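Here's the letter readout for the chains.
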Amino acid sequence: MAKILVTGGTGYIGSHTVVELQNSGHEVVIIDNLSNSNIEVLNGIEKISGIRPAFENIDCVDYVSMDKMFEKHQNIKAIIHFAASKAVGESVQKPLAYYRNNLVSLINLLQLMPIHHIENIVFSSSCTVYGQPDQLPVTENAPIKPALSPYGNTKQIGEEIIRDTIHANPNHYQSIILRYFNPIGAHPTAEIGELPNGIPNNLLPFVTQTAIGLRKQLQVFGNNYNTPDGSAVRDYIHVVDLAKAHVLAVERMLMNKTKNTVEIFNLGTGRGLSVLEIINTFEKVTGVKVPYRIVDRREGDIEKVWAEPGYANSELGWVAHETVEETLRSAWAWELKLAEKGKHE
Ligand code: UD1
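Just so you know, these numbers come straight off a predicted model, no measurement behind them.

Asks: Got a minute to help me understand the site of the ligand in this structure?
Replies: If you check the shell around the ligand, you find 20 residues, and the closest are Leu203, Gln219, Arg234, Arg298 and Asp301. Measuring from an oxygen atom of the ligand, one finds a backbone N or O atom of Leu203 at 2.8 Å. The contact in question runs from an oxygen atom of the ligand to an N or O atom on the side chain of Asp301, over 2.5 Å. Considering the ligand on its own, with 740 Å² of exposed area, one finds that the protein chains cover 89% of that surface. Sorting elements by how many residues they give to the shell around the ligand places strand β8 (residues 218–221) first, with four residues. Tallied by class, the residues present in the shell around the ligand amount to nine nonpolar, seven polar and four charged.

Asks: What am I meant to see in helix α1 (residues 12–23) here?
Replies: Relative to the 16 Å expected for twelve residues at 1.5 Å per residue, α1 spans 17 Å between its end C-alpha atoms, a close match to the ideal helical length. Along α1, eleven of the twelve residues are buried, which leaves the element largely enclosed by surrounding structure. Within α1 the residues assigned to the buried category are Tyr12, Ile13, Gly14, Ser15, His16, Thr17, Val18, Val19, Glu20, Leu21 and Gln22. Of the residues one or two after α1, Gly25 is the one with positive phi, at around 90°.

Asks: Sorry, what's going on with the domain arrangement of the protein chain here?
Replies: Much of the literature gives interface size as the accessible area that the parts lose upon coming together. For the protein chain, the assigned domains read domain 1 (3–184 + 237–267) and domain 2 (203–234 + 270–337). Once you take the C-alpha centre of each, domain 1 and domain 2 turn out to be 24 Å apart. Contacts between the two partners involve 27 residues from domain 1 and, on the opposite side, 23 residues from domain 2. Carbon and sulfur atoms make up 68% of the surface buried where domain 1 meets domain 2, a total of about 2,300 Å² over both sides. Looking at the side of domain 1 facing domain 2, the largest losses of area belong to Ile184, His238 and Asp241, adding up to 24% of the total buried there. Run the count over domain 1 and domain 2 and you get two salt bridges.

Asks: Just to check I follow, could you spell out helix α11 (residues 324–340) for this structure?
Replies: Since there are 3.6 residues in each turn of an α-helix, residues three or four apart along the chain are aligned in direction. End to end, α11 covers 24 Å across 17 residues, agreeing with the expected 24 Å (1.5 Å per residue, within 8%). Buried within α11 are the following residues: Val324, Thr327, Leu328, Ser330, Ala331, Trp332, Trp334, Glu335, Lys337 and Leu338. Elements that come into contact with the buried residues of α11 comprise β7 (182–184), α7 (203–211), β10 (236–238), β12 (273–274) and α9 (275–286). Positioned one or two residues after α11, Gly342 has a phi angle of 75°, which is positive.

Asks: For this particular structure, what's the right way to read the nonpolar core?
Replies: Within soluble globular proteins, side chains that are nonpolar generally end up buried alongside one another. Membership of the largest hydrophobic core comes to 36 residues, with the highest contact counts inside it found for Ile4, Leu178, Leu267 and Trp318. Broken down by element, the residue count for this core peaks at eight residues, all from helix α8 (residues 239–254). Among the domains, domain 1 (3–184 + 237–267) and domain 2 (203–234 + 270–337) are the pair contributing at least three residues each to this core. Every residue in contact with Trp318, bar those within four places of it in the chain, is listed here: Ile237, Asp241, Lys244, Ala245, Leu248, Asn266, Leu267, Gly268, Ala312 and Asn313.

Asks: Would you mind showing me how to read the sheet that holds strand β1 (residues 3–7) here?
Replies: Whenever strands of a sheet pair, they do so through backbone hydrogen bonds, lying parallel or antiparallel. The strand order across the open sheet built from seven strands is β3-β2-β1-β4-β5-β6-β11, with neighbouring strands paired in parallel fashion. Both outer strands of the open sheet, β3 (54–57) and β11 (262–267), are each paired with one neighbouring strand and no more. Direction aside, the axes of adjacent strands within the sheet are offset by 20° on average. Of the pairings in the sheet, the one linking strand β5 (residues 120–126) to strand β6 (residues 174–180) comprises seven bridges and is parallel in character. Along β6, the bridge assignment pairs Asn120 with Gln174. The strands that helix α5 (residues 95–115) touches are β1, β4 (76–81) and β5; relative to β5, the one it contacts most, it runs at about 165°. The strands touched by α8 are β1, β4, β5, β6 and β11; relative to β6, the strand with the most contacts, the crossing angle is about 165°.

Asks: Can you help me understand the side chain of Arg252 in this one?
Replies: When you line up the elements, Arg252 lands in helix α8. Owing to a relative accessible area of 5%, Arg252 belongs among the buried residues under this scheme. Beyond its immediate chain neighbours, meaning those up to four positions away, Arg252 contacts Ile176, Lys257, Thr258, Lys259, Glu263, Phe265, Glu315 and Leu316.

Asks: How should I be thinking about the packing of aromatic side chains in this particular structure?
Replies: Throughout the structure, instances matching the rule amount to three aromatic pairs. Look at Phe265 and Tyr311: their rings are 5.0 Å apart centre to centre, the planes differ by 20°, and that puts the pair in the stacked class. You can see Phe265 sitting in strand β11 and its partner Tyr311 sitting in helix α10 (residues 310–316), a full 46 residues away along the chain. Using a relative accessible area of 33% as the deciding quantity, one classes Tyr311 as partly exposed. In this structure, Arg297 is placed above the aromatic ring of Tyr225, and the distance from its NZ or CZ to the ring centre is 4.0 Å.

Asks: Explain the pattern of salt bridges here, please?
Replies: Side-chain pairs of opposite charge can arise whenever the charged atoms involved come near each other. On inspection of all chains with the given rule, the structure shows 17 salt bridges. For Glu159, the salt bridge is made with Arg179, and the minimal N-O distance between the two is 2.7 Å. Residue Glu159 is found in helix α6 (residues 150–168), and its partner Arg179 is found in strand β6; the two are separated by 20 residues along the sequence. A relative accessible area of 2% means that Glu159 is categorised as buried. Residue classification places Arg179 among the buried residues on the basis of a relative accessible area of 2%.

Rules behind the numbers
- Residues numbered from 1 in each chain as written.
- Predicted model: local features only at pLDDT ≥ 70, side-chain atom pairs only at ≥ 80, totals over all residues.
- Heavy atoms only, no water.
- Near = heavy atom within 4 Å.
- Polar contact = N/O pair within 3.5 Å; in protein donor to acceptor, adjacent residues only side chain to side chain.
- Areas by Shrake-Rupley, 256 points an atom, 1.4 Å probe, with all protein chains shown as cover.
- Helix = DSSP H or I, 4+ residues; strand = E, 2+ residues; numbered from the N terminus.
- Nonpolar A, V, L, I, M, F, W, Y, C, P; charged D, E, K, R; others polar.
- Expected span 1.5 Å × (residues − 1).
- Buried < 20%, exposed > 50% of the residue type's maximum accessible area, 1.4 Å probe, protein only.
- Domains from an automatic or database assignment.
- Contact = heavy atoms within 4.5 Å.
- Buried area = accessible area lost by both parts, 1.4 Å probe.
- Salt bridge = Lys/Arg side-chain N within 4 Å of Asp/Glu carboxyl O.
- Core = buried A, V, L, I, M, F, W, Y, C linked by side-chain atoms within 4.5 Å.
- Pairing = 2+ DSSP bridges.
- Axes fitted to C-alpha atoms, helices over the stretch in contact; angles between N-to-C directions.
- Phe/Tyr/Trp six-rings, centres within 6.5 Å; stacked < 30°, edge-to-face > 60°.
- Lys NZ or Arg CZ within 6 Å of the ring centre and 35° of its normal.

Dropping the structure here:
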C-alpha cells in the first residue's frame, strides 16, 4: 500500500485508474486542472470505491504550485502522469499549446521528483509512436516512425525526455512507459466513463452519441484501406483492463521488480478490429442502429495497427480480459447513463 499521485486523475483513463488503485488498497492524490474533465468525476469514483480521493486543482505546467502540492502531500511513492492534451487535429492547429502543456508538465514533474524524494513515474504514451508499423502485431522493439502530428511528437519527445533524464541520474529515478492502443468502454457500474467535450474526435464516443441520436450520422473515414473490409483497423482495449496495468506497473517499481530503470510495455489486446466491425458488433450487442456513411480517409490516419502484448503479459503479469462485446456494452451503458442524468442538454 502506498500513496500515489495521479495527474489527470479526473480524466477518462485517469479516473478508471484511480478506482483500480483504490481497489488495490493504495491511497490516491489527484491533481487535475479540469481543462478536459469535470469535478463531478470525483463523485463517480467515490460511489464505486467508497473513498473520495484527495484532489488539487493544479496545472502541472505551474512549477510553483506543483512544488507546494508536494510539500502538502508528503510521502508520495509514485506518480502516474496522465495529464496531457490529446486531440490530434487540435495539436496541428495549436502546436505550441501542445508542446508547452505536454512537455513542460513532464519536465516539471521530473525536476520535482528528486527534490521530494520520489523515484517512480509511469508515463502515458501511445502506439502512435510506431506510426504505420512495418510488421504486425507491433512489438516494443519496433522502430519509432516520424510523428504525424504535434500531439504524437509530444509522446515521442516525452519518452526521450524520460530516457535522457534517467540516463543522467540512474540512481534517482525509474520509469515505466506504457504505450496505449485504443482505450474504449466505461466502468461496469457506469459511474465513470469518457466525457468528450463538444464533437468527439474518437470513434467510440461518436458511435454512442450517434446511436443515442445526438449526432445524425457517423462518418467512416475510408473504405479503401488494405484491410479485409477496407476500413481502418485498430486494437481496441477496455479502459478498465488498461487501468489495471497501471496498478501493476506502480507495484512493479515499488517492489523493485523492474529489469531496467526505463521499461516500455504495449497495452493492447493483440486483436485488430476494423471500424465497420466495431459498428456491426455495437449494433449486435445493443440492438441499436448506428447510421453511417463512408467518407474520405482522415488526414494523418494510419491503415492498421494492433499490439503484440506478449511482453506485458509475461513481464508485467497483465492480460486484457474483456471481450469487445462487453466493452461496447459498457460504452453504451455509460451513454445511456449520461442521457438519464441530463448531460446531453
Ligand atoms: C488517435 C491517435 C492516437 C491518440 C488517440 C487519442 C493517430 C494516428 N492516432 O487514435 O495517437 O492516442 O487518437 O485521442 O493520430 N474513425 C471514424 N470515424 C470517426 C472517428 C474515427 O471512422 O468519426 C476511425 C478512424 O479513422 C480510425 C478509428 O476510427 O480508423 C479510430 O479512431 P480514433 O478513435 O480517433 O483513434 P485513433 O485515430 O486510432
